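# Structure assessment
What follows is each chain in one-letter form.
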Amino acid sequence: MTAVMLANHRRIAPFGVAGGKAGAVGRNWVERAGGKREEFGATFQVEMDRDDVFVIQTPGGGGYGASGLE
């Protein structure tokens, strides 16, 4: 199988608004059946084999407003 990814916020975190903090960046990787892990950026194409796992960790949204919990 060929897996293809086109994503955002893999290098630059989602911004916060009105004093809210930035969210977390997302990550993508493939865990190969033999135990090897291959990390990828926002856009890529990769060949997958049986029992490989394609992992997508989506970015967290930026916050809104100052929480006062600094």
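Predicted model only: the values in this text are computed from it and were never measured. (Residues numbered from 1 in each chain as written. Predicted model: local features only at pLDDT ≥ 70, side-chain atom pairs only at ≥ 80, totals over all residues. Heavy atoms only, no water.)

## With respect to the confidence of the model for the protein chain
Interpretation of the predicted coordinates at a detailed level should be avoided for regions scoring low in pLDDT. Of all residues in the protein chain, 94% attain a pLDDT of 70 or more, and the chain-wide mean is 92. Here strand 1 (residues 2-6) stands out as the element of the protein chain with the lowest mean pLDDT, 95, in contrast to strand 2 (residues 27-31), whose mean of 97 is the highest. (pLDDT = per-residue confidence, 0-100. Helix = DSSP H or I, 4+ residues; strand = E, 2+ residues; numbered from the N terminus.)

## Quick word on the side chain of Glu38
Examined against the element boundaries, Glu38 turns out to sit in strand 3 (residues 37-40). Only 2.9 Å separates the side chain of Glu38 from the side chain of Arg32, close enough to count as a polar contact. (Polar contact = N/O pair within 3.5 Å; in protein donor to acceptor, adjacent residues only side chain to side chain.)

## Some points on the pattern of salt bridges
This structure, assessed with the given rule, holds four salt bridges. The salt bridge involving Glu39 is made with Arg27; its shortest N-O contact spans 3.3 Å. Separated by twelve residues along the polypeptide, Glu39 in strand 3 and Arg27 in strand 2 bring together distant segments of the chain. Its relative accessible area of 33% is what places Arg27 among the partly exposed residues. The partner of Arg32 in a salt bridge is Asp52, and the shortest N-O contact between them spans 2.7 Å. Of the two residues, Arg32 sits in the loop between strand 2 and strand 3 while Asp52 sits in the loop between strand 4 (43-47) and strand 5 (53-57), which places them 20 residues apart along the sequence. The pair formed by Arg32 and Asp52 is uniform in burial state, with each residue classed as buried. Salt bridges here are not isolated pairs; linked through shared partners, they connect Arg27, Arg37 and Glu39. (Salt bridge = Lys/Arg side-chain N within 4 Å of Asp/Glu carboxyl O. Buried < 20%, exposed > 50% of the residue type's maximum accessible area, 1.4 Å probe, protein only.)

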